[in-house]
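What follows is each chain in one-letter form.
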Amino acid sequence: MITLLFFPDSRAPRFSSQMTTSRNRLEEIRQRRRLQRSRSNEWMISNGMAEEEMKDEPGPSQVHVHKCIVHIEIPLRKMPTVSASRLPHTVLMHVFQFLQLKDLRSCMISCRHWYNVLSQEACIYWRKSIASIPIIQDSAVWRSKALLALPQCAISDSTLLTETKSFKAKLRALAHAWNPKDSSKHNYVRPNLFTMHRHPVAQSTDGIRGKRGVSSGVHAYEITWEGPLGTVAVVGVATKHAALHCPGYVALLGSDDQSWGWNLVDNSLLHNAEQLGVYPRVNNPPKYQVEERIRMIIDCDAKCVYFERSATSEFLGVAFSSLPPVKLFPAVCAVYGNTEVSMVYLGPATMG
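All residue numbers here refer to positions counted from 1 along the written sequence of the relevant chain. This being a predicted model, a pLDDT of at least 70 is required before a residue's local features are given, and a value of 80 or more before pairs of side-chain atoms are given or counted; all residues contribute to the totals for chains, interfaces and linings. Note: side-chain values were computed over all heavy atoms of the structure, leaving out hydrogens and water.

Enquirer: For the overall build of the chain, give the residues involved together with the corresponding values.
Expert: Secondary structure counts use DSSP, requiring at least four H or I residues in a row for a helix and at least two E residues in a row for a strand, with both numbered from the N terminus. On a plain count of helices and strands, the chain comes out with seven helices and 17 strands. Exposed residues in this analysis have more than 50% of their type's maximum accessible area, buried residues have under 20%, and partly exposed residues fall in between, with area computed by a 1.4 Å probe over protein chains only. Looking at the 352 residues of the chain, the share that counts as buried comes to 39%. Within the chain, counting contacts between residues at least 6 apart in sequence, those at least 24 apart form 60% of the total. By definition, residues are in contact when any of their heavy atoms lie within 4.5 Å.

Enquirer: Any details on the environment of N267? Residues and values, ideally.
Expert: Turning to its location among the elements, N267 is positioned in the loop between β10 (259-263) and β11 (268-271). Taking the relative accessible area as the measure of exposure, N267 reaches 2% and is therefore buried. Residues N267 and V234, 33 residues apart in the sequence, show an inter-C-alpha distance of 9.4 Å. Excluding residues within four positions of it along the chain, N267 makes contact with W262, G277, V278, Y279, P285, P286 and K287. At a separation of 3.3 Å, a polar atom in the side chain of N267 contacts the main-chain carbonyl oxygen of P286. Side-chain atoms alone can form a polar contact between residues adjacent in sequence; in general such a contact is a pair of N or O atoms within 3.5 Å, and within protein one must be able to donate a hydrogen while the other accepts it.

Enquirer: Summarise the pattern of salt bridges; cite the residues concerned and give the values.
Expert: Once the charged atoms of two side chains with opposite charge are near each other, the side chains can pair. Here, a salt bridge means any Lys or Arg side-chain nitrogen found within 4 Å of an Asp or Glu carboxyl oxygen. According to the stated counting rule, one finds seven salt bridges in the structure shown. D182 is the salt-bridge partner of R209, the closest N and O atoms lying 2.7 Å from each other. With R209 in strand β6 (residues 204-210) and D182 in strand β3 (residues 178-183), the pair connects residues that are 27 residues apart, well separated along the chain. Residues R209 and D182 agree in their burial class; the two are buried. Of the charged contacts, one joins E222 and R293 as a salt bridge, the two residues approaching to 3.4 Å between their closest N and O atoms.

Enquirer: Tell me about the nonpolar core, and please be specific about residues and values.
Expert: Side-chain atoms within 4.5 Å link the members of a nonpolar core, which is a set of buried Ala, Val, Leu, Ile, Met, Phe, Trp, Tyr and Cys residues. Membership of the largest hydrophobic core comes to 64 residues, with the highest contact counts inside it found for F96, F194, W225, M296, I298 and F307. A242, A331, C333 and V335 belong to the second largest nonpolar core, which has 10 residues in total.

Enquirer: Run through empty space enclosed by the protein, naming residues and quoting values.
Expert: Any residue with an atom within 4 Å of a point lines the site, the site being either a cavity, points on a 1 Å grid over the protein atoms alone where a 1.4 Å probe fits but cannot get out, or a pocket, an open set with protein on both sides within 12 Å along at least 5 of 7 lines. Grid points are joined across faces, edges and corners, and a volume is the space filled by probe spheres set on the points. A complete count under the given rule lists one cavity of 30 Å³ or more for this structure. The calculated volume of the largest cavity comes to roughly 30 Å³. Taken together, W262, N267, P280, P286, K287, Y288 and R309 form the lining of the largest cavity. Each residue receives one of three labels: charged for Asp, Glu, Lys and Arg, nonpolar for Ala, Val, Leu, Ile, Met, Phe, Trp, Tyr, Cys and Pro, and polar for the others, Gly being one of them. The class makeup of the residues in the lining of the largest cavity is four nonpolar, one polar and two charged.

Enquirer: Break down the sheet that holds strand β14 (residues 304-309) for me, with residues and values.
Expert: In this description, strands pair whenever DSSP reports at least two bridges between them. Pairing is antiparallel across the open sheet formed by seven strands, whose spatial order is β4-β5-β17-β7-β13-β14-β15. Each edge of the open sheet is held by one strand with a lone partner, namely β4 (187-189) and β15 (314-321). Averaged over all neighbouring strand pairs, the angle between strand axes comes to 25 degrees, with direction disregarded. Pairing of strand β5 (residues 195-198) with strand β17 (residues 340-347), which is carried by three bridges, proceeds in the antiparallel orientation. Bridging across to β17, M196 finds its partner in V341. Axis definition: a line fitted to C-alpha atoms, limited for helices to the stretch in contact. Angles are taken between N-to-C directions and run from 0 to 180 degrees.

Enquirer: Requested: an account of helix α3 (residues 101-110), with residues and values cited.
Expert: If you check which residues of α3 are buried, you get L104, C107 and M108. Mapping the buried residues of α3 onto a view down its axis gives an arc of 100 degrees, with all of them on the same face. Exposed side of α3, more than 90 degrees from the buried face: K102, R105, I109 and S110 are the residues found there. On its buried face, α3 sits against α2 (89-96), α4 (112-118), α5 (140-149) and α7 (167-175). Arc, as used here, means the arc of the directions from the helix axis to the C-beta atoms.

Enquirer: I'd like to hear about the confidence of the model for the chain, residue by residue, with values.
Expert: Confidence of the predictor at the level of single residues is captured by pLDDT, which takes values from 0 to 100. Mean pLDDT over the chain works out to 82, with 76% of the residues at or above the 70 mark. Low pLDDT, under 50, characterises residues 1-17; the stretch is placed with 15 contacts to residues that sit more than four places away or in other chains. A low-confidence stretch, residues 50-67 (pLDDT under 50), is modelled with 20 contacts involving residues beyond four sequence positions or located in other chains.

Enquirer: Give me the layout of surface pockets: which residues, what numbers.
Expert: Quantified by volume, the largest pocket comes out at close to 750 Å³. W142, K168, R172, A175 and R212 are the residues nearest the centre of the largest pocket, which is lined by 19 residues in total. Of the residues assigned to the lining of the largest pocket, the class counts are 11 nonpolar, three polar and five charged.

Encoded structure:
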């Protein structure tokens, strides 16, 4: 009896006399294929690929079909870069809150877009229900800086910073407030940083200057004399060379060519130890009342100084003209003990 076996391999045995040899050879072929498949699966698993399950022992007439997996690497699209000068308004506001005041100044002079963002003292929002009613919210940047720089007693004072509507204006006023390092030794600046207090020292006239002088533009200051005037209470401007202390009770501002002053006690204008007349220049001018707010405007462009009443915005006339082109500081001098003078910088004056 002759048995025929069919194999996919043309070299397979064809007669029963070679059956034992063919079985051994077939077993070797199967083991070799299993080893190849196991190695192939390990390589595919390590490379994140998958292979279809195949039968362990295929029959001699079975045809094995392997799937071909093709990997196409698609390059990632490059994200568009955004210039720092074109960042959205809200993003810049969050970033600026972490900067110091000197760094904010550098940002304002380095980029026009940053300047436009930081120059806004308040943001205006509109209600969805009522489109005609705006909601004015202070800038988050200047609010955070003001809460850190300003003392709580100055922020909570209901009368001190009423003319400075925004937190940026309050910070600007702080930068122009009284200078404790440029004052007589008998004066000191109170914790609110805007009020000067004079110690009760006899036979002494004591003055104080502001932190910053001005030499261009128009600048307004609100000055309030909160204590008794005494015999001398002078408000005016001075250069950095003007004296701030002298013995006796004299009008220190206006006693030399470095200062110009208005004595609120007798309404006289003083400069270079001379009286320039009565101010306001009317018959029987009214006396200054304690705690009355007056505005002093320094017009560096017109080289003049004039005053206004804050309550009514009444123009009192030009006090001094033909001022020299030098940096001028707001200044006061007092002689009465425990008297106090507050000064708040209002920024550029509103003309008309």
